[in-house]
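Breakdown of the fold
What follows is each chain in one-letter form.
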2 protein chains.
Amino acid sequence: MSIDLTEETITGAVQQTFDESKDDRLREIFVSLVQHLHDFAREVRLTGDEWFTAVNFLERVGHVSSPTRQEFVLLSDILGLSVLVDQINHGNGSATDSTLLGPFYVEGRPRVENGADISGGVAGMPLFFGGTVVDPEGRPVAGADVDTWHSDGDGFYDVQQADKLDGEPAMRGLLATDDNGRFSFRSIVPRYYPVPTDGPCGEIIRAAGRSPMRPEHIHFWFHAQGYEPLVTMLFRGDDPYLERDAVFGAKRSLVADFVQHEAGEDAPDGTVMAEPFQTVEWIFVLEPGRR
Amino acid sequence: MSIDLTEETITGAVQQTFDESKDDRLREIFVSLVQHLHDFAREVRLTGDEWFTAVNFLERVGHVSSPTRQEFVLLSDILGLSVLVDQINHGNGSATDSTLLGPFYVEGRPRVENGADISGGVAGMPLFFGGTVVDPEGRPVAGADVDTWHSDGDGFYDVQQADKLDGEPAMRGLLATDDNGRFSFRSIVPRYYPVPTDGPCGEIIRAAGRSPMRPEHIHFWFHAQGYEPLVTMLFRGDDPYLERDAVFGAKRSLVADFVQHEAGEDAPDGTVMAEPFQTVEWIFVLEPGRR
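Residues numbered from 1 in each chain as written. Chains lettered and ligands numbered in written order. Predicted model: local features only at pLDDT ≥ 70, side-chain atom pairs only at ≥ 80, totals over all residues.

To continue, consider the overall build of chain A. Scanning chain A from terminus to terminus reveals six helices and 11 strands. When its C-alpha atoms are laid out on the principal axes, chain A stretches across 80 × 40 × 35 Å. Counting across all 291 residues of chain A, residues that qualify as buried make up 40%. Counting only contacts in chain A whose residues sit at least 6 apart along the sequence, the fraction spanning at least 24 positions is 70%. (Helix = DSSP H or I, 4+ residues; strand = E, 2+ residues; numbered from the N terminus. Buried ≥ 20, exposed ≤ 12 C-beta atoms within 10 Å, placed from the backbone. Contact = placed C-beta atoms within 7 Å.)

In structure tokens:
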């Protein structure tokens, strides 16, 4: 019976409508969601105007969202939900720490060979990345899919400058590890940057007087048969924003050494470089599959 | 400092980023929101896949939302948030009970004269509605704006049959009360109906095995200088869904008498009707303005 509901009786009445669900997990989730959503509204004494502002806000988040702009992911990121969900699901084990996906992963990325230049012609200081993917015993994981993506030297991803790049992907690619678990690519050195503040999430950041800055990082997403997927990033130690990441994702365990090289030195691929460049090496440890 | 955050420390770290906000109310709302959002995720041990499903769900809610389809309002409605917010803000006073706005109010509605036929030519049993708007002492409130909107005899609003109606508004209008606080219109008798289940909210309703049905009702939204706005509906007492409204909005205090008349009787406007019709009379009491 759900008529004449009050501030006190509404929560139970809504929860009861999930009683008939054949999906136990769905019921568990919605019973908890309704409880916390209602507790929140009661706690702050949410006004009608505030409710309307929230509805309008979520609608606008939806309208700017697209396959290349994940504003709901960003909302989850700036509210710390993304890192929380990651922490809930990936405790500290022997594997490389995971962290959040961020809003800039896109499915339409090219598959590339190891050693390839994935910069897409975007100018910047050359970066040579070499990675090894292993299991917790240090044995190489061959044939792992390795997604990587990062910003340019001004802090912008390809999808943020689609006009300039004619919509072509740049600074992202899908690689595979070889028999030694190795993968490598050439690109350009990324930079710290603000999360996009020209959409609805920017309103929260400005209203809170928060910094929108993320420390410099390179994204990785690993998929390998028999292992848990791993979503992670590498950061640099001297980054001014390392300890105040706008989306709470930075971890000291993921700080890599971005080694500076001068013009005239050899790159890892043997090229004699005419300009300064950086190299990064990292060993990624995957957790054996739980199912 | 927000680095190396854990499932336990993330909540405080996010809340702290609102410390510098100049807007005390914004801080209060977000500190509570983050607490309850995180408590929910921890309580159900939200998985990455479930998080992704939620992000994708909200994105789809945003994409189907438009000025004529308020899917986020519907989401709030089916989770009982809309009724809760209404109850928080409108205690039981001497005024007419309020209830939820619903997803079918649209701004592009015509201003019409009292007595006008607002059916927009949609076929159905004629309905003559007469209302009086008064203050708690029973004194008429003149010049009040009265928004009204309702479904047709099959349970569909005009915006759900825009093709058939060439996008023209029907069964809705903006009236004004006369010096006696009176307003009146002619339209057609509405019917109980399911909330729209062809969008993302329908997935929740089906997965939960819930009824999507709303009891028959006519919406009203009053605005008058010096009074609190009033959002309400009138229901009919013999409705099969009165006690199990899918959006929890029904109230016994808002049950009106839909009086049945036979062909040959006089309508309230003096017309001798050639077909059966219904009449409804109601007195709406507005609460004096609080600010």
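Between the two copies of the chain lies a relationship made up of a rotation around an axis and a movement along it. Mapping chain A onto chain B calls for a rotation angle of 180 degrees and an axial translation of 0.0 Å; the resulting RMSD is 0.1 Å. Given the turn and translation reported, the copies of this chain are related as if by a two-fold rotation axis. Looking at the rotation axis and the C-alpha trace of chain A, the residue lying nearest is Gly 62 of chain A, at 1.9 Å. In this assembly, 99% of the residues forming the interface of chain A have copies in chain B that are likewise at the interface, indicating an isologous arrangement. (Least-squares fit on C-alpha atoms with pLDDT ≥ 70 in both.)

Looking at chain A, pLDDT values average 95 and 99% of them are 70 or higher. Our summary of model confidence lists the complex with pTM equal to 0.90 and ipTM equal to 0.90. (pLDDT = per-residue confidence, 0-100.)

Residue-level contacts link 69 residues of chain A with 68 residues of chain B. Listed by contribution, the elements that provide at least two residues to the side of chain A that touches chain B are helix H1 (10–16), helix H2 (24–44), helix H3 (48–64), helix H4 (71–78), helix H5 (81–89) and helix H6 (200–208) of chain A. It is H2 of chain A that provides the largest number of residues to the side of chain A that touches chain B, a total of 16 residues. Here the side of chain A that touches chain B is composed, by residue class, of 34 nonpolar, 18 polar and 17 charged. (Nonpolar A, V, L, I, M, F, W, Y, C, P; charged D, E, K, R; others polar.)

What follows concerns helix H6 (residues 200–208) of chain B. Residue and element names in this part refer to chain B. Buried within H6 we find Pro 200, Cys 201 and Ile 204. For H6, the angular spread of the buried residues around the axis is 115 degrees, confining them to a single face. Turned more than 90 degrees from where H6 packs its buried face, Glu 203 and Arg 206 sit exposed. Against helix H3 (48–64) and helix H4 (71–78) lie the buried residues of H6. Just downstream of H6 lies Gly 209, where phi reads positive at about 70 degrees. (Arc of directions from axis to C-beta.)

Whenever strands of a sheet pair, they do so through backbone hydrogen bonds, lying parallel or antiparallel. Residues and elements named next belong to chain A. Across the sheet, five strands lie side by side as E3-E2-E7-E8-E9; this open sheet has mixed pairing. Two strands in the sheet have a free side with no partner beyond their single neighbour: strand E3 (172–176) and strand E9 (255–256). Across five bridges, the pairing between strand E2 (residues 145–150) and E3 is antiparallel. Within E3, the position partnered with Asp 147 by the bridge is Leu 174. (Pairing = 2+ DSSP bridges.)

The next thing to look at is the sheet that holds strand E1 (residues 126–134) of chain A. Residues and elements named next belong to chain A. Read across the sheet, four strands follow the order E4-E1-E11-E10 without closing on themselves; strand pairing throughout is mixed. Both edges of this open sheet fall to strand E4 (182–188) and strand E10 (259–261), since each of them pairs with a single strand only. For this sheet, the mean angle separating the axes of adjacent strands, direction not counted, is 20 degrees. (Axes fitted to C-alpha atoms, helices over the stretch in contact; angles between N-to-C directions.)

Let us now look at the pairing of strand E11 (residues 277–285) of chain B. All names here are of chain B. Where strand E1 (residues 126–134) meets E11, eight bridges bridge the pair, whose relative direction is parallel. From the neighbouring strand, Val 134 faces E11, where its bridge partner is Val 285. Looking at chain direction, strand E10 (residues 259–261) and E11 are connected through three bridges and run antiparallel. For His 261, the partnering residue across the bridge sits in E11 and is Phe 277.

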